[in-house]
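Structural features, examined
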Amino acid sequence: MNSTQERLAFSGRLQLALRNAAYSSNSPTQLAREFNLRFSGQPVTVHAARKWLQGESIPTQEKLRALASWLEVPAEWLRFGNALEQRAKGQGSALSPTDTKIIGTLDQLDEHHKSIALEFLRMLARISKKK
């Protein structure tokens, strides 16, 4: 993936995370304002936020982590996507907003609780298949 594709892919994930968190995915003014309320470092300008939304740039690692924390998604997913997303794209579909939220929530768990959640999901899938 070249740098232009990486920036556009990041932009798409950022917009999805914003929509899932009930924010506008096309308002750089709102993005800059809400981000700056939560970030203790150098504030971002509306111009910088517009560049993130348009896929013209990717924020620094520090800002990326702050965005991910605010939007409750994994920082790695926000920056790079993930294997599940790549597989879904290969099958002609993308992750739904619910899928993204589930992944973000699971990422916040410790390993023990992740294994419990995985077993619970497997049980629900078995029950769902029987119907």
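The structure displayed is predicted, hence computed values, not measured ones.

Topic: unusual backbone geometry
In this structure, A22 takes a positive phi of about 65° despite not being glycine. Structurally, A22 can be placed in the loop between α1 (3-20) and α2 (28-38). By relative accessible area, which is 72% here, A22 ends up exposed. Of note in the backbone geometry, E72 takes a positive phi value of approximately 55° without being a glycine. The topology assignment puts E72 in the loop between α4 (61-71) and α5 (75-80).

Remarks on helix α3 (residues 46-54)
Residues of α3 that are buried: A49, W52 and L53. The arc enclosing the buried residues of α3, seen along the axis, measures out at 95°, which places them on a common side. The inward-facing, buried residues of α3 contact α1, α2 and α4. Of the residues flanking the end of α3, it is G55, one or two places downstream, whose phi is positive at about 75°.

Scoring rules and cut-offs
- The residue numbering used here restarts from 1 in each chain and proceeds along that chain's sequence as written.
- Restriction of local features to residues with pLDDT of at least 70 applies here, the model being predicted, together with a cutoff of 80 or more for giving and counting side-chain atom pairs; totals for whole chains, interfaces and linings are based on all residues.
- Side-chain figures throughout are based on the complete set of non-hydrogen atoms in the structure, without hydrogens or water.
- We count a stretch as a helix when DSSP gives it H or I for four or more residues in a row; a strand needs E for two or more, and each element gets its number in order from the N terminus.
- Only protein chains enter the calculation, and the probe is 1.4 Å; a residue is then buried if its accessible area is under 20% of its type maximum, exposed if over 50%, and partly exposed in between.
- The arc refers to the directions leading from the helix axis to the C-beta atoms.
- In what follows, a contact means two residues having at least one pair of non-hydrogen atoms within 4.5 Å.

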